Amino acid sequence: MVDWTECPPEQVGVDSAGLARALELVAARRAAAQICVLRDGRVVLDRSVACRPDSLFWIFSASKPFVALLVHQLAERGALNLDDAVAAYWPRFGRHGEDRITIRQVLQHRAGVPLSSSMLGDALAMMSWERAVRHVERARPRWPPGQVPAYHVISYGVILGELVRQVGGIPVSDALTAGLLRPLGLHDTYLGLPDHLWSRHVPVRASAPVDQIVRVGLNRPAARRAVVPAAGISTTARDLARFYQALLQGGELDGVRVVDPSTIAQATLPSSEGETDRLLNLPIRWSQGFQLGGPRSGARGGPPMGRLSSPRTFGHSGSNCCIAWADPTRRLVFAYLTALLPPRHEGADHISSVSDAINAACR
């Protein structure tokens, strides 16, 4: 088990001044936050701001790697092949030109269905799993499968989550608990927040008028209760750090293995280098379930894992207010959760700056 007592940073080659700089950036936002940094599996930073260590944050798209890893687990066990069509396991999915979309293309955000209909339509449908599934089944690809990267906002989790249900025979939330959360001891991570834990949730805040509708919608119990694999996990920074520590260690934590090292290597293999994502209009280094670090030229705003990040860094951001990643080069894990939805570029720059403060401290 991870001991959450902070060790002297210098013992593991970490500059304490860099950690202090990261904390200054976090405190300056005046928002509830949790931040955890692990080096060589030891805790060098574990702080909560205006909340408790066990307060539960909605982590937006930082949720996506969990459902992606469930699919990679099934592939590792031979229950599916990533290069098979999704419709081979879920026939209703292929009725409207989606029959050639492969599982790998979904993992890479190259399936061509970034939205089932519209952002509003997808957001409304996500409140009911069965409605979200029917919504995806009726979608028509906007680009030929495999042609371009285009970020699949909500559809990513619906397609992969229903695939998990079709192949494994149990709901995706149950598969997540059995396959990852329970084995890794992630006791404060939930795909769909149980009603009895409502008192621990951190309400979403928004600073821009355009995000106020999102804030109101996501602060309803029905939204937090919904199963939204692409965006709806509630968790703590500590649990998220444990998840990435397990991946950094080749899929094993505390003597329990959830995937093989080769599976993690497959999941973090780059699938997009320098291409502009057609939905985000940004060059994103995608893999097969994660965003990747490294340099990113020609884009406004800092990359989520920082300009100093290693190309081998893998993780995922969430609406420019949450981020978690692991860097095999620095033997480093970072998790930073907030509940403040900032203007897009302001939030991206902030997340990038905090990541870089950690990167600079752990060279």
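Above this note sits the structure.
The shown structure was predicted, so the numbers you read here are calculated from the model rather than taken from an experiment. (Residues numbered from 1 in each chain as written. Predicted model: local features only at pLDDT ≥ 70, side-chain atom pairs only at ≥ 80, totals over all residues. Heavy atoms only, no water.)

## Here we look at the sheet that holds strand E6 (residues 233-235)
Two pairing modes exist for strands in a sheet, parallel and antiparallel, and in both the strands are linked by backbone hydrogen bonds.
Okay, so step 1: In space, the 3 strands of this open sheet follow the order E3-E6-E4, with antiparallel pairing throughout. The open sheet has two edge strands with one neighbour each: strand E3 (57-58) and strand E4 (190-191).
Okay, so step 2: Bridge count between E3 and E6: 2 bridges; the pairing is antiparallel. Residue pairing in the sheet places Phe-57 in a bridge with Thr-235 of E6. (Pairing = 2+ DSSP bridges. Helix = DSSP H or I, 4+ residues; strand = E, 2+ residues; numbered from the N terminus.)

## A few points about the sheet that holds strand E14 (residues 332-338)
Okay, so step 1: Within the open sheet, the 6 strands sit side by side as E2-E1-E14-E13-E12-E11. Their pairing is antiparallel. What marks the edges here is a single partner per strand, and that holds for strand E2 (42-49) and strand E11 (291-292).
Okay, so step 2: By the bridge criterion, 6 bridges tie strand E13 (residues 322-327) to E14 in an arrangement that is antiparallel. In the sheet register, Ile-323 faces E14, and the bridge partner there is Tyr-336.
Okay, so step 3: Lying over the sheet, helix H10 (residues 237-248) contacts strand E1 (33-39), E2, strand E12 (314-318), E13 and E14, oriented at roughly 155° with respect to E14. (Contact = heavy atoms within 4.5 Å. Axes fitted to C-alpha atoms, helices over the stretch in contact; angles between N-to-C directions.)

## Here's the deal with helix H5 (residues 129-137)
Okay, so step 1: When H5 is considered as a whole, its buried residues turn out to be Trp-129, Ala-132, Val-133, His-135, Val-136 and Glu-137.
Okay, so step 2: Here the buried face of H5 lies against helix H4 (119-125), helix H6 (155-168) and helix H7 (172-181). (Buried < 20%, exposed > 50% of the residue type's maximum accessible area, 1.4 Å probe, protein only.)

## Points about the nonpolar core
Okay, so step 1: Membership of the largest hydrophobic core comes to 89 residues, with the highest contact counts inside it found for Val-71, Val-86, Phe-243 and Tyr-244.
Okay, so step 2: Ignoring sequence-local partners within four residues, the contact set of Val-71 consists of Leu-80, Leu-82, Ile-103, Leu-107, Leu-160, Leu-163 and Val-164.
Okay, so step 3: Membership of the second largest hydrophobic core comes to 24 residues, among which are Leu-25, Ala-33, Val-44 and Ala-357. (Core = buried A, V, L, I, M, F, W, Y, C linked by side-chain atoms within 4.5 Å.)

## Things to note about the pairing of E1
Okay, so step 1: Of all the 7 residues making up E1, 7 are buried; the element is thus mostly covered by neighbouring parts of the structure.
Okay, so step 2: Here E1 shows no split at all, with Ala-33, Ile-35, Val-37 and Arg-39 on one side and Gln-34, Cys-36 and Leu-38 on the other all buried.
Okay, so step 3: Where E1 meets E2, 7 bridges bridge the pair, whose relative direction is antiparallel. The partner of Cys-36 across the bridge, within E2, is Asp-46.
Okay, so step 4: Hairpin connection of E1 to E2: 2 residues between the antiparallel strands, including Asp-40 at a positive phi of 55°.
Okay, so step 5: Pairing analysis gives 7 bridges linking E1 to E14, with the strands arranged antiparallel. Each bridged residue has a counterpart across the sheet, and for Leu-38 the counterpart in E14 is Val-333.

## Digging into the packing of aromatic side chains
Okay, so step 1: Under the criterion given, the structure shown has 10 aromatic pairs.
Okay, so step 2: Between the aromatic rings of Trp-90 and Phe-93, the centroid separation amounts to 5.0 Å while the plane-to-plane angle is 35°, which identifies the pairing as tilted. Here Trp-90 and Phe-93 have matching classes, each one buried.
Okay, so step 3: For the pair Tyr-151 and Trp-286, a centre-to-centre distance of 5.4 Å together with 10° between the ring planes defines the contact as stacked. Of this pair, Tyr-151 sits in the loop between H5 and H6 while Trp-286 sits in the loop between strand E10 (282-283) and E11, and the two are 135 residues apart along the sequence. Considered together, Tyr-151 and Trp-286 belong to a single accessibility category, that of buried residues.
Okay, so step 4: Three or more aromatic residues joined by ring pairs make a cluster, and in this case those are Phe-66, Phe-243, Tyr-244, Phe-290 and Phe-314. (Phe/Tyr/Trp six-rings, centres within 6.5 Å; stacked < 30°, edge-to-face > 60°.)

Treat this as a map of the structure, not an account of what it does.
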